[in-house]
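# Observations on chain architecture
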Amino acid sequence: MSDFIVLATAEDVAEAAAAEIAEALRGGARSLVLAGGTTPKRCYELLTELDVEWGRVAVLFGDERCVPPDHPDSNYRMAKETLLDRVLPATVYRIPAELGPDEGADEYAEVVANAAPLDFVLQGVGEDGHIGSLFPGHPALHSDGLTVGIHDSPKPPPQRVTLTLEAFRDAGRVLILATGKGKAEAVALARRGESPSGMIPNARWLIDRAAAGQ
Ligand code: 6PG
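Note on numbering: residues in each chain are counted from 1, in written sequence order. Given that this is a predicted model, residues contribute local features only at a pLDDT of at least 70 and side-chain atom pairs are listed and counted only at 80 or more, while totals for whole chains, interfaces and linings are drawn from all residues. The side-chain values count all of the structure's non-hydrogen atoms but skip hydrogen atoms and water molecules.

## Details of the pattern of salt bridges
Under the convention used in this document: A pairing counts as a salt bridge when a side-chain nitrogen of Lys or Arg comes within 4 Å of a carboxyl oxygen of Asp or Glu. Put simply, DSSP marks the helices as runs of H or I at least four residues long and the strands as runs of E at least two long, and each gets a number from the N terminus on.
One pass over the structure, following the stated rule, counts 10 salt bridges. As a salt-bridge pair, Glu 11 and Arg 42 come within 3.0 Å of each other at their nearest N and O atoms. Here Arg 42 lies in helix α2 (residues 41–47) and Glu 11 lies in helix α1 (residues 10–26), a separation of 31 residues in the sequence. With a closest N to O distance of 3.2 Å, Asp 85 and Lys 80 form a salt bridge.

Here you go:
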């Protein structure tokens, strides 16, 4: 069963997440999978200030929008600007989603297979309960393998590459962040196992009071 930890504010969630990631990396985790979206930005900024031997860490991504890496919508660009330009990981494996959903997913599957087991996965959650780019009711939820291309994401842009549920479930640790009242329904769905983000039994959630519906 997933664990849900409720903290007072979004800042508390960012601080706790950064501290957990740093501690895991100090404790021997060698692969870190980053989240896209806006929620993890503050966590990434705080992470730059913590004591981590980045030269021993391989960074991967949970999903990517099919845009060039310097595009404002790129998850890689967000992580680069907030974290990766300020620390020096041993390797950064961005998802080559600009190749398109299918080719991008095929190429990244090899990267993920070589990096496996994934030690620490950070993710956000969508208001509809999606994780990565795995959306409720989407056939990609049943994909075999480690990655899958998405052609019809309900959240723009429509074309994406994402890790699969199998890849998330195989990770050593999965930490999901949810903040703000807009995520309260997503958290409730996940608690009932009724959304993609609720289908990862090994996940630990850090949420603020608003996302907890308090
Ligand atoms: C993306 C994502 C997606 C995101 C959630 C939450 O590319 O859109 O990786 O899974 O994490 O939609 O996004 P916010 O943090 O912006 O609410």
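## Brief notes about the site of the ligand
Counted only if it meets this: Any residue with a non-hydrogen atom lying within 4 Å of a molecule or strand is treated as near it. Under this definition, polar contacts are N or O atom pairs within 3.5 Å; protein pairs additionally need one hydrogen-donor-capable and one acceptor-capable atom, and for neighbouring residues in sequence, both atoms have to be side-chain atoms. Classification used: nonpolar for Ala, Val, Leu, Ile, Met, Phe, Trp, Tyr, Cys and Pro, charged for Asp, Glu, Lys and Arg, polar for all others including Gly.
Residues in close proximity to the ligand total 15 residues, the closest being Thr 39, Asp 63, Arg 65, His 130 and Gly 132. At 2.6 Å, a side-chain N or O of Asp 63 approaches an oxygen atom of the ligand. Here an oxygen atom of the ligand and a side-chain polar atom of Asn 75 are 2.9 Å apart. For the shell around the ligand, a count of residues per class yields 1 nonpolar, 9 polar and 5 charged.

## Overview of helix α4 (residues 101–115)
The condition that has to hold: Take the residue count of a helix, subtract one, and multiply by 1.5 Å to get its expected span. Remark: exposure states derive from per-residue accessible area (1.4 Å probe, protein chains only) relative to the maximum for the residue type, with buried under 20%, exposed over 50%, and partly exposed in between. Note on definitions: a residue-residue contact is assigned when non-hydrogen atoms from the two residues lie within 4.5 Å.
With 15 residues, α4 should cover 21 Å at 1.5 Å per step; its first-to-last C-alpha distance of 21 Å lies within 8% of that length. For α4, the complete set of buried residues consists of Pro 101, Gly 104, Ala 105, Tyr 108, Val 112 and Ala 115. Contacts from the buried residues of α4 go to β2 (31–34), β3 (58–61), β7 (147–150) and β8 (160–163).

## Focus: a negative patch on the surface
The test is simple: Surface patches are drawn from residues lacking salt bridges whose relative accessible area is over 30%; two like charges belong together within 9 Å, two nonpolar side chains (Val, Leu, Ile, Met, Phe, Trp, Tyr) within 5 Å. In this description, accessible areas are obtained by the Shrake-Rupley approach with a 1.4 Å probe, and a residue is regarded as covered only by the protein chains that are shown. Residues scored as positive are Lys and Arg, those scored as negative are Asp and Glu, and His as well as the terminal groups of each chain are ignored. By convention, the point assigned to a charge is CZ for Arg, NZ for Lys, CD for Glu and CG for Asp.
A cluster of like negative charges, contributed by Asp 102, Glu 103, Asp 106, Glu 107 and Glu 110, occupies part of the molecular surface. Counting through the fold element by element, Asp 102 comes out in helix α4. Using a relative accessible area of 42% as the deciding quantity, one classes Asp 102 as partly exposed.

## Some words on the sheet that holds strand β4 (residues 63–65)
What counts, and what does not: Here, a strand pair is defined by DSSP locating no fewer than two bridges between the strands. Angles run from 0 to 180 degrees between N-to-C directions of axes, and those axes are lines fitted to C-alpha atoms, restricted for helices to the stretch in contact.
Spatially, β4-β8-β7 is the arrangement adopted by the 3 strands of the open sheet, whose pairing is antiparallel. Looking along the sheet, the strands with just one partner apiece sit at the ends: β4 and β7. Mean inter-strand twist for the sheet, computed between neighbouring axes without regard to direction, equals 15°. Pairing analysis gives 3 bridges linking β4 to β8, with the strands arranged antiparallel.

## As for the pairing of β2
Put simply, the rule is: Here a crossover is taken to be right-handed if, once the strands point away from the viewer, the path from the first strand over the helix to the second is traced clockwise.
Going residue by residue along β2, you find Ser 31 and Val 33 tucked away on one face and Leu 32 and Leu 34 tucked away on the opposite face as well. In this structure, β2 lies alongside β3, joined through 4 bridges in parallel fashion. From the neighbouring strand, Leu 34 faces β3, where its bridge partner is Phe 61. Once you follow β2 into α2 and on to β3, the crossover reads as right-handed. Pairing between β2 and strand β6 (residues 120–123): 2 bridges, direction parallel. Bridging across to β6, Val 33 finds its partner in Val 121.

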